Amino acid sequence: MPMSAGAVAAAHARAGDALADSEFVDQVRDALIAASVVHADESGLRVAGKLH
C-alpha cells in the first residue's frame, strides 16, 4: 500500500521522539565521540517538494 510523504514524516517524528527519551541517543553520541573517523552523509531528502 502506498504511503503519503506526510505519513512517513509523522512516523519519523514519532520514532525520533521515542528515541530521544531512551539511552540509545546517549550510546550513539558516546560511540561517535570515541570513533577515530566519523562520516556524515549530508545528502537530503525531499518531502512535498522541500528539502529536509
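Coordinates for the structure precede this section.
Each chain has its residues counted from 1, running along the sequence as written. Two thresholds apply to this predicted model, a pLDDT of at least 70 for residue-level local features and 80 or more for giving and counting side-chain atom pairs, whereas whole-chain, interface and lining totals are computed over all residues. Where side-chain values are given, they derive from all heavy atoms of the structure, hydrogens and water being excluded.

Caption draft 1: Quick peek at the layout of surface pockets. Using a 1 Å grid laid over the protein atoms alone, points where a 1.4 Å probe fits but cannot get out form a cavity; open sets with protein on both sides within 12 Å along at least 5 of 7 lines form a pocket; any residue with an atom within 4 Å of a point counts as lining. Grid points are joined across faces, edges and corners, and a volume is the space filled by probe spheres set on the points. Here the largest pocket is characterised by a volume of approximately 190 Å³. Forming the walls of the largest pocket are Ala5, Val8, Ala9, His12, Leu45, Val47 and His52. Helix numbers and strand numbers start at the N terminus; a helix is a DSSP run of H or I with at least 4 residues, a strand a run of E with at least 2. By residue number, the principal contributor to the lining of the largest pocket is helix α1 (residues 5-20), which donates 4 residues. Residue polarity follows a fixed list, in which Ala, Val, Leu, Ile, Met, Phe, Trp, Tyr, Cys and Pro are nonpolar, Asp, Glu, Lys and Arg are charged, and the others, Gly among them, are polar. Among the residues forming the lining of the largest pocket, the class breakdown is 5 nonpolar, 2 polar and no charged.

Caption draft 2: Spotlight on unusual backbone geometry. Look at Ala48: it is not a glycine, yet its phi comes out positive at around 55°. Burial classification: accessible surface area is computed with a 1.4 Å probe over protein chains only, and a residue below 20% of its type maximum counts as buried, one above 50% as exposed, and the rest as partly exposed. Accessibility expressed as a relative area gives 71% for Ala48, which makes it exposed.

Caption draft 3: Fine view of the pattern of salt bridges. Counted as salt bridges are all cases of a side-chain nitrogen of Lys or Arg within 4 Å of a carboxyl oxygen of Asp or Glu. Evaluation of the coordinates by the stated rule reveals 2 salt bridges. Of the charged contacts in the structure, one is a salt bridge between Asp30 and Arg29, with a shortest N-O distance of 3.4 Å. Linked through salt bridges whose partners overlap, the residues forming this network are Asp26, Arg29 and Asp30.

Caption draft 4: Representation of a nonpolar patch on the surface in the model. Patch rule: a residue counts if its relative accessible area is over 30% and it has no salt bridge; like charges are joined within 9 Å, and nonpolar side chains (Val, Leu, Ile, Met, Phe, Trp, Tyr) within 5 Å. Method for areas: the Shrake-Rupley scheme with a 1.4 Å probe, in which residue coverage is limited to the protein chains shown. Side chains of Leu19, Phe24, Val25, Val28, Leu32 and Val38 sit close together on the surface and give an oily, nonpolar patch of about 480 Å² of accessible area. Looking at which element gives the most residues to the nonpolar patch, the answer is helix α2 (residues 24-34), with 4 residues. Turning to its location among the elements, Val25 is positioned in helix α2.

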